[in-house]
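Next come the chains, spelled out residue by residue.
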Amino acid sequence: MQTLILTHATLAAMDPSGPWLLSDAAIVLKADRILWSGPMADLPPEHREAESRPLDGRLVTPALIDAHTHIVHAGHRAGEFEARLEGASYEEIARAGGGILSTVRATRAASEDDLVAQALPRVDALLAEGVGTLEVKSGYGLDHDTELRMLRAARRIGEERPVTVRTSFLGAHAVPPEFKGHPDAYLDEVCLPALRAAHSEGLVDAVDGFCEGIAFTPGQIARLFDEARALGLPVKLHAEQLSHLGGAQLAARHGALSADHLEYATDDDAKAMAASGTVATLLPGAFYTLKERQAPPVAAFRDQGVPMVVATDCNPGSSPLSSLLLAMNMACTLFGLTVQESWLGATAHAARALGLSDRGSIAPGQRADLALWDAESPAELVYRLGQRPLHARIHGGQWCRS
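Residues numbered from 1 in each chain as written. Predicted model: local features only at pLDDT ≥ 70, side-chain atom pairs only at ≥ 80, totals over all residues. Heavy atoms only, no water.

As recorded in an unreviewed UniProt entry, the protein chain goes by Imidazolonepropionase and comes from Rubellimicrobium mesophilum DSM 19309. In its Pathway (unreviewed entry) section, the UniProt record describing the protein chain reads: "Amino-acid degradation; L-histidine degradation into L-glutamate; N-formimidoyl-L-glutamate from L-histidine: step 3/3." (UniProt positions renumbered as here; feature names shortened; annotations may be inferred.)

Caption draft 1: Structural view of unusual backbone geometry. Despite not being glycine, D24 shows a phi value in the positive range, around 50°. Following the sequence through the fold, D24 ends up in strand β2 (residues 22-30). The exposure class of D24 is partly exposed, given its relative accessible area of 44%. One non-glycine residue, A31, lies in the positive phi region at around 55°. By the element assignment, A31 lies in the loop between β2 and β3 (33-39). For A31, a relative accessible area of 34% puts it in the partly exposed group. (Helix = DSSP H or I, 4+ residues; strand = E, 2+ residues; numbered from the N terminus. Buried < 20%, exposed > 50% of the residue type's maximum accessible area, 1.4 Å probe, protein only.)

Caption draft 2: Geometry of the UniProt feature "binding site: N-formimidoyl-L-glutamate" (unreviewed entry) in the protein chain. Here the UniProt feature "binding site: N-formimidoyl-L-glutamate" (unreviewed entry) sits at Y140, N315 and G317. Separation in sequence by 178 residues is not matched in space for these annotated residues, since their most distant C-alpha atoms are only 11.6 Å apart. Residue position: N315 is located in the loop between β13 (308-310) and α12 (324-335). N315 sits in the buried class, given a relative accessible area of 4%. Sequence-distant contacts of N315, that is, excluding residues within four places in its chain, are made with H70, H73, Y140 and P320. (Contact = heavy atoms within 4.5 Å.)

Caption draft 3: Quick look at the environment of G219. Note that G219 resides in helix α7 (residues 218-231). A sequence separation of 70 residues divides G219 from T289, and the C-alpha atoms of the two residues are 29 Å apart.

Caption draft 4: Highlighting the sheet that holds strand β8 (residues 164-172). Reading across from one edge, β6-β7-β8-β9-β10-β11-β12-β13 is the order of the 8 strands in this open sheet, with parallel pairing throughout. Either end of the sheet is taken by a strand with one partner, and the two such strands are β6 (64-66) and β13. Looking at each pair of strands side by side, their axes are set apart by 25° on average, direction ignored. Here strand β11 (residues 258-261) pairs with strand β12 (residues 279-282) via 3 bridges, running parallel. From the neighbouring strand, A259 faces β12, where its bridge partner is A280. Here α7 sits on the sheet and contacts β8, β9 (206-211) and β10 (236-239); the angle it forms with β9, its principal contact strand, is near 175°. (Pairing = 2+ DSSP bridges. Axes fitted to C-alpha atoms, helices over the stretch in contact; angles between N-to-C directions.)

Caption draft 5: Representation of the UniProt feature "binding site: Fe(3+)" (unreviewed entry) in the protein chain within the structure. Those residues carrying the UniProt feature "binding site: Fe(3+)" (unreviewed entry) are H68, H70, H238 and D313 in this numbering. Look at the named residues: they lie 246 residues apart in sequence, but the longest C-alpha span between them is just 12.3 Å, so in the fold they bunch up. Assignment of secondary structure puts H238 in strand β10. Those residues within four positions of H238 in sequence are excluded, and the remaining contacts are H68, H70, K137, L170, D208, G209, F210, C211, D260 and H261. A distance of 3.4 Å separates a polar atom in the side chain of H238 from a polar atom in the side chain of H70. Side-chain polar atoms of D313 contact the side chain of H70, separated by 3.3 Å. (Polar contact = N/O pair within 3.5 Å; in protein donor to acceptor, adjacent residues only side chain to side chain.)

Caption draft 6: View of the environment of L334. With respect to the helices and strands, the residue L334 is situated in helix α12. Residue classification places L334 among the partly exposed positions, given a relative accessible area of 36%. The spacing of L334 and Y288 is 46 residues in sequence and 8.3 Å in space, taken between C-alpha atoms. In this structure, L334 is in contact with P284, F287 and Y288, ignoring residues within four places of it in sequence.

Caption draft 7: How the structure looks around helix α9 (residues 267-276). Listed as buried for α9 are D269, A270, A272 and M273. The buried residues of α9 occupy an angular sector of 165° when the element is viewed end-on, so they sit on one face. For α9, the secondary structure elements touched by its buried residues are α8 (247-253), β11, β12 and α11 (298-304). Two residues or fewer after α9 comes G277, characterised by a positive phi angle close to 80°. (Arc of directions from axis to C-beta.)

Caption draft 8: Structural context of the packing of aromatic side chains. Taken as a whole, this structure holds 4 aromatic pairs when the rule is applied. Considering the side-chain rings of W343 and W373, the 6.3 Å spacing of their centres and the 85° angle between planes classify their relative orientation as edge-to-face. With W343 in helix α13 (residues 339-345) and W373 in strand β14 (residues 370-373), this pair connects stretches of sequence that are 30 residues apart. For the pair shown, W343 and W373 are each scored as buried. Just above the ring of W399 sits the side chain of R53; from NZ or CZ to the centre is 4.0 Å. (Phe/Tyr/Trp six-rings, centres within 6.5 Å; stacked < 30°, edge-to-face > 60°. Lys NZ or Arg CZ within 6 Å of the ring centre and 35° of its normal.)

Have a look at this one:
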């Protein structure tokens, strides 16, 4: 296996034990791993004769990680966007049969090929911004066959594009019309059996749910989490987005990888999450689209040392966003994150939200997933709007142009 040295780089390693930015740096790669990184002057002698590729001062970061998406779905909800502009709330639209259930109807009617074809342009937009790992949820089927079809489509994205896909089973996303008023029956007859079937087919990496007044109660989500534990699967949760129902505390009690949204989370929730190691996934795209007014308790997360993740929440209704760089900008401008926090949120902390310890930073032993930028600093990438200064990606040691 050939060794490759990237030389004359500006390095933002996202490694808390090292400097934030290092100029005139080198990175040594072998196969799909990073062997060494640091100042060029300190390059170990055994690597100095290896093939090298000068980067002419370009910025190198870990490849970005989008840790929360609903990128596999059919159709769009532009009409609901117009309705919200005219004053309708997210909950009013959902209770009238729109929202998630609108996408459910379109997704149930789509074939696996249709779902892949519709998702790939959104995926390509993320890859063009340096994304190397992508989480994809089910949850727009709400029946046995469509939930599995969505997960198969997600797996295919990882086969058709140079990106790692991690799947989350989100059968507890909403109660479908045929079970209206009977959420427990839906869990018993559809959601839990579909989870078992998806797990037996190797389609699930984690289990998610939506704990909210328009979805499922903490007690119902606890049943889902108990089933996940029995299957040996980690959990995460949409929590405290529109109200405070106790989802963050539930996630913490179950040792969830992440609790996501969290606009209505409290200081006590932050303490519980810190104690359990549950990270906070912030989704400014949904906050912006829904014109929310209560932001997540960023100061409490900082005070308690809860790692904060930034993700797109790419979905057809509340966050039709396929730009992680823009999500990072929004996390800074809307939620008050620093540039460094936004970058850690899309790299090292995002890896933690997916239970991945082999990526998200540039350090020996880490996977060789890198983004090379025509930029001078990480701040420049968060500051610019609508630009894609990606020079190239390296995915598993392989050079990619997007």
